[in-house]
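Each chain, written out:
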Amino acid sequence: MTCLIPDKYHDLLLTIGAYAHKLGLNAWVVGGAVRDFYLGRPTVDIDLTFNGTQESVAGFCVKTWGGVKRKFSRFGTYKVTLDNGFRLDLARLRKETYPYPGALPEVSFTTKVKEDLFRRDFTCNAWALSILPDTFGQSVDPYGARNDIDKKLLRVLHEKSFFDDPTRMYRGLRFAGRFGWKAAPKTKQLFLEADREQAPLLLTRERFCQEFMKVLAEEHIKAVFDYLIQYDLLKFAWPSLTWTPALEQVHTAAERLGVLVCSLKENGEEFLASFTTSHELAQAIREVWKIEQERLSPLTPLTDFQRTILTAVMPQLPPQALEPCVLRGKDLKDLGVYGRSISTLLNQVRRAQWEGKIATREAGLKFIGLAA
């Protein structure tokens, strides 16, 4: 069989494999990287697995190519970010058990690559290629990954997969939308059963939101949303959430979250409050939502991020609508306006500016009858 490892990755993986061999380890590239190699898709995220302790390999990678490593004790993994742009995830061969549905897995180590592959989400990712010098590129495909990829089928490895880890439901539809695949008949049945049993509610809100942000980062967002609607999975994010064409006018997950918040109108702020994200991002989106609801030009300059969301949600806005209000409270005070009249007049100006009726300070003063 022709080696599936592209030339771009050959030297990196062969060098790692040779070092692992010196340590007496077997080593494989596994999962999504193998899938993407086969599909001819570029990737910088590469999962490697070894039949023994991989700490020395992680250190070797940093020493050889430069970068940083981090250890994740819970799963015994190392994440290495290299100066050449590659991101490596180094793990030992392991098995996983789930103490209860939706829980994080409990890990135990194994020496059998087939057992390690069985713990993965879908057959397309249960594929390994050796990176040892003598067997470089040798395929380990016990569950039919290549066949399913050829047939453009998404297939889980066992019937409890979506209950063990309900994030797989969203991950699977991300793959389906990204690659143009369909769920195999049995997997489709398992999707629908897990939905009826409300399996995503087994997740903490934090884990759900982390996975949903990955959904929003997908390039082919319309195709992914079509699948989410088909399998009725948007309701777990928010009951009335649905597709909006504005999602295709922005490109990052954060921007798309902002679009969805605005699309929910009066429910947008409550949805945002339920969504686990950083305080800074939530605050920036909340300000956008408030502007969209009030339909008033802002009092202070918007960030590029905020302007991008509002332009996508309301593409017909006049250019001056998103500029800071042409008047400030101090302008009105200097003209002898006090108390609540200041905010009343400012809001009148902000509304007129939003509607494209004024664009300058002089026009604003004239609009409220205070022109010199």
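Attention in this report is confined to the structure presented alongside it. Remember, it's a predicted structure, so these values are computed and weren't measured experimentally. (Residues numbered from 1 in each chain as written. Predicted model: local features only at pLDDT ≥ 70, side-chain atom pairs only at ≥ 80, totals over all residues. Heavy atoms only, no water.)

## A short note on the layout of surface pockets
Regions of empty space are outlined by a rolling probe, equal in size to a water molecule, passed over the atoms.
So, point 1. If you add up the space inside the second largest pocket, you get close to 250 Å³.
So, point 2. Taken together, 13 residues make up the lining of the second largest pocket; nearest its centre are Glu287, Lys290, Ile291, Pro298 and Leu299.
So, point 3. In terms of residue count, helix 13 (residues 279–294) provides more of the lining of the second largest pocket than any other element does, six residues in total. (1 Å grid on protein atoms, 1.4 Å probe; cavity = no way out; pocket = protein on both sides within 12 Å on 5 of 7 lines; lining within 4 Å. Points joined across faces, edges and corners; volume = space filled by probe spheres on them. Helix = DSSP H or I, 4+ residues; strand = E, 2+ residues; numbered from the N terminus.)

## Topic: the packing of aromatic side chains
So, point 1. Taken as a whole and assessed by the stated rule, the structure comprises 18 aromatic pairs.
So, point 2. Where Phe162 meets Phe191, the ring centres are 4.5 Å apart and the plane angle is 35°; that geometry is what we call tilted. On the criterion of sequence distance, the pair formed by Phe162 in helix 6 (residues 161–164) and Phe191 in helix 8 (residues 185–196) is long-range, its members being 29 residues apart. The same class applies to Phe162 and to Phe191, which are both buried.
So, point 3. Between Phe271 and Phe275, the ring centres sit 5.6 Å apart and the planes meet at 65°, which makes this aromatic pair edge-to-face. (Phe/Tyr/Trp six-rings, centres within 6.5 Å; stacked < 30°, edge-to-face > 60°. Buried < 20%, exposed > 50% of the residue type's maximum accessible area, 1.4 Å probe, protein only.)

## Side note on the side chain of Thr244
So, point 1. Relative to the helices and strands, Thr244 resides in the loop between helix 10 (221–230) and helix 11 (253–263).
So, point 2. Sequence-distant contacts of Thr244, defined by excluding residues within four places in its chain, comprise Val259, Leu260 and Ser263. (Contact = heavy atoms within 4.5 Å.)

## Overview of the pattern of salt bridges
So, point 1. A complete count under the given rule lists 24 salt bridges for this structure.
So, point 2. The closest approach of N and O atoms between Asp89 and Lys79, which form a salt bridge, is 2.7 Å. Placement of Asp89 in strand 5 (residues 87–92) and of Lys79 in strand 4 (residues 77–82) is noted, with a sequence separation of 10 residues between them.
So, point 3. Residue Asp89 is classed as buried on the basis of its relative accessible area, which comes to 18%.
So, point 4. Its relative accessible area of 37% is what places Lys79 among the partly exposed residues.
So, point 5. A salt bridge links Arg94 to Glu96; the nearest nitrogen and oxygen atoms lie 3.4 Å apart.
So, point 6. Residue Arg94 is classed as buried on the basis of its relative accessible area of 9%.
So, point 7. Overall, Glu96 belongs to the buried group, its relative accessible area being 18%. (Salt bridge = Lys/Arg side-chain N within 4 Å of Asp/Glu carboxyl O.)

## Quick notes on the environment of Val57
So, point 1. For Val57, the location among the structural elements is in helix 3 (residues 55–65).
So, point 2. Given a relative accessible area of 0%, Val57 falls into the buried group.
So, point 3. Contact partners of Val57, with chain neighbours within four places excluded, come to Ile16, Tyr19, Leu23, Leu25, Phe50 and Leu90.

## Observations regarding the nonpolar core
So, point 1. In this structure, Leu13, Val29, Ile46, Leu88, Phe212 and Phe225 are the most contacted members of the largest nonpolar core, which totals 98 residues.
So, point 2. With seven residues, helix 11 is the single largest residue contributor to this core.
So, point 3. Apart from the residues within four sequence positions on either side, Val29 is in contact with Ile5, Leu13, Val34, Phe37, Ile46, Asp47, Leu48, Trp127, Ala128, Leu129 and Ile131.
So, point 4. Counting 13 residues, the second-largest nonpolar core is a separate cluster that includes Cys325, Val349, Ile358 and Ile368. (Core = buried A, V, L, I, M, F, W, Y, C linked by side-chain atoms within 4.5 Å.)

## A short note on the packing of helix 9 (residues 205–216) against helix 11
So, point 1. Interaxial distance between helix 9 and helix 11 falls to 8 Å at its minimum, and their mutual angle equals 100°. One element, helix 9, and the other, helix 11, form an angle in the roughly perpendicular class. Residues Phe212, Met213 and Leu216 of helix 9 form the contact with helix 11, whose participating residues are Ala253, Ala254, Arg256, Leu257 and Leu260.
So, point 2. Looking at the contact of helix 9 with helix 11 residue by residue, the classes come out as seven nonpolar, no polar and one charged. (Axes fitted to C-alpha atoms, helices over the stretch in contact; angles between N-to-C directions. Parallel < 35°, antiparallel > 145°, perpendicular 65-115°, else oblique. Nonpolar A, V, L, I, M, F, W, Y, C, P; charged D, E, K, R; others polar.)

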